[in-house]
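Each chain, written out:
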Amino acid sequence: MEGKKNRIVVFGGSGYIGKYIVKASVSLGHPTLVYTRPLNSQTPLSKTQLCKDFNSMGVTIVEGELEHHQIVAVIKQADIVICALPYPQVLEQLKIIEAIKVAGNIKRFLPSDFGVEEDRINPLPPFQAFLDKKRQIRREIEAAGIPYTFVSANCFAAYFVNYLLRPYEKTKDVALYSNGEVKAVLNYEEDVAIYTIKVANDPRTCNRIVVYRPSMNIISQNELIWLWEQKSGHNFHKNCIPEEDIVNLSQSLPPPQNIPVSIIHSVFVRGDLMNYELGENDLEASQLYPDHKYTTIDQLLDIFLVDPPPPASAAFE
């Protein structure tokens, strides 16, 4: 007989990946709380509606600021803390770490990672500075002795399909970074969320890093473009952008505009997502949970063909 489900609180639950995590938590049967800034007349209508949707799903919305006593109070109501705060708020997680230490009841903390495996790559300086903040959070969690799972979800697939192929624009031109042959890992956001709830509750993943690298989602730009051409019947003109131009942009653009081009360089030019082997001591999500039928890139493009998800407005997270 299955035991009592862990209560999960999500910080950043109304954000790009956060909303998927909240829905996955509910779908897997967990009592779920979302900690959010107070809703008022200035709150975007989309966020207000999302919170109403969460309420209708049985999610408890807790409104408050990132202030110590308020964070401690909500954390005491949960067993697991998942943070999906966007990049500008990464260091705000130091407040969450302090609150977890004071509360003393948390079984697992998943900080706001969900991208590259930052302890195993060395990208261009703007992206390096971005990752240094995430590394700082990891080291603080380890030093505090908080039970954790660090998630490397690689690329959000729907976001990057929109970014790379621009299916809404019906354009005939696509940008090709370098030669387009470098392999990346594109995981559908709904699968990222399901895996995240699973790893948050799995004893095997405590104090470990989990990489989301399903074999069917390893793909190059050229393969992605070819696949979309076959499905859509459109032929694209590839505008090749040399590595030198991307590096120059990373050096000349002001922050934060220099970060996305540095991420593009890391993922699609250097191939940082696939530049390291997963050894026998590494944990990979699709191998941990073989019963979960994840959405392949091929299947995701079929979704785009029939009912494309709206373009993501969120910045790189």
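The structure we're discussing is the one just above.
Residues numbered from 1 in each chain as written. Predicted model: local features only at pLDDT ≥ 70, side-chain atom pairs only at ≥ 80, totals over all residues. Heavy atoms only, no water.

**Student:** Any chance you could break down the overall build of the chain for me, citing the residues and the numbers?
**Tutor:** Counting its regular elements, the chain contains twelve helices and 13 strands. In summary, the chain has a C-alpha radius of gyration of 20 Å against a globular reference of 20 Å for 317 residues, a match within 12%. The dimensions of the chain, computed from C-alpha atoms along their principal axes, are 55 × 45 × 40 Å. Considering only residue pairs separated by 6 or more positions, the chain has 83% of its internal contacts joining residues 24 or more positions apart. Looking at the chain as shown, the accessible area adds up to about 14400 Å², and 51% of this sits on carbon and sulfur atoms. Once the 31 positive and 37 negative side-chain charges of the chain are each reduced to a mean point, those two points are 5 Å apart. (Helix = DSSP H or I, 4+ residues; strand = E, 2+ residues; numbered from the N terminus. Rg over C-alpha atoms; globule rule 2.2 N^0.38 Å. Contact = heavy atoms within 4.5 Å. Areas by Shrake-Rupley, 256 points an atom, 1.4 Å probe, with all protein chains shown as cover. Lys, Arg positive; Asp, Glu negative; His and termini not counted. Charge placed at Lys NZ, Arg CZ, Asp CG, Glu CD.)

**Student:** Before we move on, can you summarise the environment of S56 with the specific residues and values?
**Tutor:** Within the secondary structure layout, S56 lies in helix α2 (residues 45–56). Owing to a relative accessible area of 63%, S56 belongs among the exposed residues under this scheme. In the structure, S56 is positioned 109 residues away from L165 in sequence and 35 Å away in space, judged by C-alpha atoms. Side-chain polar atoms of S56 contact the backbone oxygen of D53, separated by 2.6 Å. (Buried < 20%, exposed > 50% of the residue type's maximum accessible area, 1.4 Å probe, protein only. Polar contact = N/O pair within 3.5 Å; in protein donor to acceptor, adjacent residues only side chain to side chain.)

**Student:** So what's going on with helix α6 (residues 157–165)? Residues and values would help.
**Tutor:** For α6, the buried fraction is high: eight of the nine residues fall into the buried class. Those residues of α6 not exposed but buried are A157, A158, Y159, F160, V161, N162, L164 and L165.

**Student:** Account for the nonpolar core, naming residues and giving values.
**Tutor:** Formed by 102 residues in total, the largest nonpolar core has its most connected members in F11, I75, I82, I96 and F114. In contact with I96, not counting residues within four places along its chain, are F11, I71, I75, V81, C83, L85 and F109. (Core = buried A, V, L, I, M, F, W, Y, C linked by side-chain atoms within 4.5 Å.)

**Student:** How would you summarise the pairing of strand β3 (residues 60–63) if you had to cite specific residues and measurements?
**Tutor:** Summarising the sheet, strand β2 (residues 32–36) and β3 pair through four bridges and their orientation is parallel. What sits directly across from Y35, in β3, is V62. This β-α-β element, β2 to α2 to β3, shows right-handed connectivity. (Pairing = 2+ DSSP bridges. Right-handed = clockwise from strand over helix to strand, strands pointing away.)

**Student:** Any chance you could break down the packing of aromatic side chains for me, citing the residues and the numbers?
**Tutor:** By convention here, two paired aromatic rings are described through the distance between centres and the angle between planes. Under the criterion given, the structure shown has 14 aromatic pairs. A ring pair is formed by Y16 and F156, whose centres lie 5.8 Å apart and whose planes are at 45°; its orientation type is tilted. One end of the pair, Y16, is in the loop between β1 (8–11) and α1 (18–27); the other, F156, is in strand β7 (residues 155–156), with 140 residues separating them in the sequence. We classify F156 as buried; its relative accessible area is 8%. Here the aromatic cluster, defined as three or more aromatic residues joined through ring pairs, consists of Y16, Y20, F156, Y159, F160, Y163, Y177 and F268. Cation over ring: R166 sits above Y163, and NZ or CZ is 5.3 Å from the ring centre. (Phe/Tyr/Trp six-rings, centres within 6.5 Å; stacked < 30°, edge-to-face > 60°. Lys NZ or Arg CZ within 6 Å of the ring centre and 35° of its normal.)

**Student:** Tell me about unusual backbone geometry, residues and numbers included.
**Tutor:** Following P255, the chain continues to P256 via a peptide bond in cis, the omega torsion being 5°. Mapped onto the fold, P256 is located in the loop between α9 (243–252) and α10 (258–270). Backbone geometry at F114 places phi at a positive 65°, although glycine is not the residue there. By the secondary structure assignment, F114 is in the loop between β5 (108–110) and α5 (125–144). Positive phi values are uncommon outside glycine, yet N154 reaches one of about 65°. Summarising the element assignment, N154 is placed in the loop between β6 (149–152) and β7. According to the relative accessible area criterion, N154 is buried, its value standing at 5%.

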